[in-house]
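# Architecture at a glance
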Amino acid sequence: MAKQPMLKFVTVARDMPEKRGADERRADFHEIYAEFAAEKAKEQASRCSQCGVPYCQSHCPLHNNIPDWLNLTATGRLQEAYEVSQATNTFPEICGRICPQDRLCEGNCVIEQSGHGTVTIGAVEKYITDTAWEEGWVKPVKPAQERPESVGIIGAGPGGLAAADMLRRAGVQVTVYDRYDRAGGLMTYGIPGFKLEKDVVMRRNDQLAAGGVSFVMNCNVGEDIPFDDIRAKHDAVLIATGVYQSRDLGGPGAGAAGIVKALDYLTASNRAANFGDSVPEFDSGELNAAGKKVVVIGGGDTAMDCVRTAIRQGAESVKCLYRRDRANMPGSQREVQNAEEEGVQFEWLTAPKGFTEKDGKVAGVMVQKMRLGAPDATGRQSPEAIEGADYLEDADLVITALGFEPEDLPKLWGVDGLDVTRWGTIRADFTTGKTSLDGVFAVGDIVRGASLVVWAIRDGRDASEAILDYLNQPAAVAAE
Ligand SMILES: Cc1cc2nc3c(=O)[nH]c(=O)nc-3n(C[C@H](O)[C@H](O)[C@H](O)COP(=O)(O)OP(=O)(O)OC[C@H]3O[C@@H](n4cnc5c(N)ncnc54)[C@H](O)[C@@H]3O)c2cc1C
Ligand code: SF4
């Protein structure tokens, strides 16, 4: 009888790829995890219990066929594992690196629930597709037949690119417009290199271009080209512009120099450290933490990326203020642990009340101590101030990471009839991406609010199907 290759979770312990030591990590912007060696990937994949009803798969936004590609990896059929993996995911190696697996696939792995430690799904997913790239199995799209219709996609983030890929596979002519000089959206300029190295994103952009996707970069829709022109030029339009408006802080001194927005800070760092671009605000020190006492305000993943970037830039000290406690923070616990190992200090249950200034520049944060009070309507305990427990935290650079809101697109673009929700996100059907305008679809953060790369990919793939249905309607062809 053939030897059972799977269900090894009883005898094989969970193991992650090697993590570089904190001292080494602090000195560069490279990813912190090494790649699995081939034997290790096989061994870890073989821990899967091959559940009849795989909860990992149902909790993956892309419903990746995880048990099958784990089995194929465990049995050495890596090229088939890659084929299965890429059939449901446009960027498997990116999701393997940056999905919050503890909240998605791995958090719902049955062997995790039974106390054996989850299968390291993300690390195996990354290994499969990184190997596919090395082996030359990842090829540019070659549609069986070209179609005459064209689709204009506004926004080259994961939502727009996932749709571009799927539409090109169907032979549709695709043009992607983006206001940045490089495609990738937040994967390029938001997420730091120590979580996602930039050549991983750039090779995907190159591959899409090689497959026939046209990119029009440095093109701010609404400014450089009117939205209506894009609509007139293409048979359908997809809006995938993300959310970029930072929530602001109030209080005395909130406008002082040296108080900067998380995304400005991270973009400057990504440009300077990962692409070697000349960034005047970085070179002048305005967006550079080197030698400074840095305070980051916020408890989400963006705040975690800021604190860890500041450490790598050589800050004198890095503190993170968050108004709830560790258990109630929105950011991933894995990232907090990484940040602590690298030397970040967390000040839980604290909130800024205002800022002190010296010579027109921020000099400190007036910190209000908080406690968790009664739960609110969502069941989450609300933070409340403890009177008389304020203190002053010295700071030369304050980075605010309080979340993002959508820009007012109908106003910015002068478009009538594009409905938005009361949060300012575009009102679109969640499965098709259809908006209130005929032939206009929307996906990703601009529909969901700040979310995840994997959800943007899912939306982009779903919308591409709806766009194809739209293009296939006799009315759409007749209208040409
Ligand atoms: C700092 C940070 C860290 C994150 N870390 C993670 C993580 O670890 N894991 C994870 O899953 N998610 C993470 N996210 C969230 C994730 O990056 C987003 O959910 C995802 O990128 C959304 O994809 P999108 O395609 O909707 O938009 P985006 O990635 O934001 O792309 C939108 C694109 O549209 C372009 N654009 C906007 N307006 C215009 C216009 N008028 N004209 C032309 N182009 C325009 C922008 O330049 C951009 O390239 C992080 C986000 C941030 C900010
Ligand atoms: S895409 Fe994300 S959630 Fe889905 S299997 Fe991969 S790491 Fe898990």
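Residues numbered from 1 in each chain as written. Chains lettered and ligands numbered in written order. Predicted model: local features only at pLDDT ≥ 70, side-chain atom pairs only at ≥ 80, totals over all residues. Heavy atoms only, no water.

Within an unreviewed UniProt entry, the label attached to the chain reads Glutamate synthase (NADPH) small subunit, and the organism entered is Lutimaribacter pacificus.

### Overview of the pairing of strand β1 (residues 150–154)
Within β1, five of the five residues are buried, leaving the element largely enclosed by the surrounding structure. The alternating pattern of β1 places Ser150, Gly152 and Ile154 and Val151 and Ile153 on opposite faces, both of which are buried. Relative to strand β2 (residues 173–177), β1 is paired through five bridges, and the arrangement is parallel. The residue of β2 that forms the bridge with Val151 is Val174. Where the polypeptide runs from β1 across helix α9 (residues 158–169) and back to β2, its parallel neighbour, the crossover connection is right-handed. Of the pairings in the sheet, the one linking β1 to strand β4 (residues 236–239) comprises four bridges and is parallel in character. Looking at the pairing, Val151 lines up with Ala236 of β4. (Buried < 20%, exposed > 50% of the residue type's maximum accessible area, 1.4 Å probe, protein only. Helix = DSSP H or I, 4+ residues; strand = E, 2+ residues; numbered from the N terminus. Pairing = 2+ DSSP bridges. Right-handed = clockwise from strand over helix to strand, strands pointing away.)

### Some thoughts on the site of ligand 1
As a structural note, the neighbourhood of ligand 1 is formed by 34 residues, with Ile98, Asp178, Val221, Tyr244 and Asp445 the closest of them. Here an oxygen atom of ligand 1 sits 3.0 Å away from a polar atom, N or O, in the main chain of Leu186. Between Tyr244 and ligand 1, the recorded distance is 2.6 Å, taken from a side-chain N or O atom to an oxygen atom. For ligand 1, whose unbound accessible area comes to 1000 Å², protein coverage reaches 97%. (Near = heavy atom within 4 Å. Polar contact = N/O pair within 3.5 Å; in protein donor to acceptor, adjacent residues only side chain to side chain. Areas by Shrake-Rupley, 256 points an atom, 1.4 Å probe, with all protein chains shown as cover.)

### Considering the domain arrangement of the chain
Annotation of the chain at the domain level lists domain 1 (8–135), domain 2 (150–243 + 406–479) and domain 3 (248–403). One C-alpha centre belongs to domain 1, the other to domain 3, and the line joining them spans 32 Å. Of the residues lining the interface, 13 residues belong to domain 1; the matching set on domain 3 comes to 18 residues. In terms of surface lost to domain 3, no three residues of domain 1 exceed Arg25, Arg26 and Phe29, which account for 50% of the buried area on that side. One can count four salt bridges joining domain 1 with domain 3. Between Glu341 and Arg25 there is a salt bridge; the shortest N-O distance is 2.8 Å. If you look at where domain 1 meets domain 3, you find nine residue pairs in polar contact (both at pLDDT 80 or more). Among the elements that line the side of domain 1 that touches domain 3, the one with the most residues is helix α1 (residues 22–26), at three residues. Split into classes, the residues belonging to the side of domain 1 that touches domain 3 amount to five nonpolar, one polar and seven charged. (Domains from an automatic or database assignment. Contact = heavy atoms within 4.5 Å. Buried area = accessible area lost by both parts, 1.4 Å probe. Salt bridge = Lys/Arg side-chain N within 4 Å of Asp/Glu carboxyl O. Nonpolar A, V, L, I, M, F, W, Y, C, P; charged D, E, K, R; others polar.)

### A few points about the UniProt feature "domain: Dihydroprymidine dehydrogenase" (unreviewed entry) in the chain
In the numbering used here, UniProt assigns the "domain: Dihydroprymidine dehydrogenase" (unreviewed entry) feature to residues 26–136. Taken end to end, residues 26–136 comprises 54% helix and 0% strand; its first and last C-alpha atoms sit 33 Å apart. (UniProt positions renumbered as here; feature names shortened; annotations may be inferred.)

### Notes on the sheet that holds strand β8 (residues 317–322)
The strand order across the open sheet formed by five strands is β6-β14-β7-β8-β9, and the pairing between neighbours is parallel. A single partner strand is all that each edge strand has here, and the edge strands are β6 (259–261) and β9 (345–348). Averaged over all adjacent pairs, the angle separating strand axes in this sheet is 25 degrees, with direction ignored. Looking at chain direction, strand β7 (residues 293–297) and β8 are connected through five bridges and run parallel. What sits directly across from Val295, in β8, is Lys319. Packed onto the sheet, helix α13 (residues 262–275) meets β6 and β14 (397–400) and runs at close to 75 degrees relative to β6. Set on the sheet, helix α15 (residues 301–312) makes contact with β7, β8, β9 and β14; between it and β8 the angle comes to about 170 degrees. (Axes fitted to C-alpha atoms, helices over the stretch in contact; angles between N-to-C directions.)

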